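One letter stands for each residue in the lines below.
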Amino acid sequence: MSRGKLLKRGISKLASMERNPQRAQMRQRRRKAFKILQQLQLLQVTANNFGFQPDKEFQSWFQSMKPLEWYSSHSFSWEPEPPFE
């Protein structure tokens, strides 16, 4: 199908790819990168809007835990986790 017919039908992506496929491919990559950046910015704004409050019970439990030695922590990290209930 000719470029003119594609443009008349509103299939501009196909028309531009037919005319210059490298330029069209670069344009698509830029659009994709732009969308990803937009999503990252939205994630940052959303994360900044969260307000976490310290949990005193968790802090006291965590501080009471004894640190593991390197060998213990390494072997412990390879153990399978119990199923989540």
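Starting from 1, residues in each chain are numbered consecutively following that chain's sequence as written. Only residues with pLDDT of at least 70 are given local features in this predicted model, and only at 80 or more are side-chain atom pairs given and counted; all residues enter the totals for whole chains, interfaces and linings. With hydrogens and water stripped out, all remaining heavy atoms of the structure feed into the side-chain values.

Participant: Where do I start with the overall build of the protein in this structure?
Facilitator: Counting its secondary structure elements, the protein contains five helices and zero strands. Helix and strand assignments come from DSSP, with helices taken as H or I runs of at least 4 residues and strands as E runs of at least 2, each series counted from the N terminus. Counted from the first residue to the last, the protein has its helices and strands arranged as α-α-α-α-α. Classification of residues uses two cut-offs on accessible area relative to the type maximum, computed with a 1.4 Å probe and protein chains only: under 20% is buried, over 50% is exposed, and between them is partly exposed. With 85 residues in all, the protein has 5% of them scored as buried.

Participant: Can you help me understand the packing of aromatic side chains in this one?
Facilitator: Here a ring pair, both rings aromatic, is described through the centre-centre distance and the interplanar angle of the planes. Here is the rule: rings of Phe, Tyr and Trp (six-membered ring for Trp) pair when centre to centre is within 6.5 Å. Planes less than 30 degrees apart are stacked, more than 60 are edge-to-face, and the remainder are tilted. By the definition in use, this model includes four aromatic pairs. On the numbers, 5.9 Å between centres and 15° between planes, the contact of phenylalanine 50 with phenylalanine 52 is stacked. The exposure classification of phenylalanine 50 matches that of phenylalanine 52, with both residues exposed. Aromatic rings pair up to connect Phe58, Trp61 and Phe62 into one cluster.

Participant: When you look at helix α4 (residues 56-64) in this model, what are you seeing that I'm missing?
Facilitator: Each turn of an α-helix holds 3.6 residues, which means side chains three or four residues apart point in the same direction. By the criterion of burial, α4 is predominantly exposed, with just zero of the nine residues buried. By the criterion applied in these results, polar contacts are pairs of N or O atoms within 3.5 Å in which, for protein atoms, one can donate a hydrogen and the other can accept it, and in which residues neighboring in sequence qualify only through two side-chain atoms. Two or three places before glutamate 57, at the start of α4, stands the capping residue aspartate 55, its side-chain oxygen 3.2 Å from that residue's backbone nitrogen.

Participant: When you look at a nonpolar patch on the surface in this model, what are you seeing that I'm missing?
Facilitator: Only residues whose relative accessible area exceeds 30% and that form no salt bridge are eligible for patches; like-charged ones are grouped when within 9 Å, while nonpolar side chains (Val, Leu, Ile, Met, Phe, Trp, Tyr) are grouped when within 5 Å. Areas reported as accessible are Shrake-Rupley estimates using a 1.4 Å probe. Residue values count occlusion only from the protein chains shown. Salt bridges, as used here, are contacts in which a Lys or Arg side-chain nitrogen is within 4 Å of a carboxyl oxygen on Asp or Glu. A contiguous nonpolar surface patch, about 390 Å² in accessible area, is contributed by Ile36, Leu37, Leu40 and Leu43. Within the secondary structure, leucine 37 is located in helix α3 (residues 21-49). According to the relative accessible area criterion, leucine 37 is exposed, its value standing at 51%.

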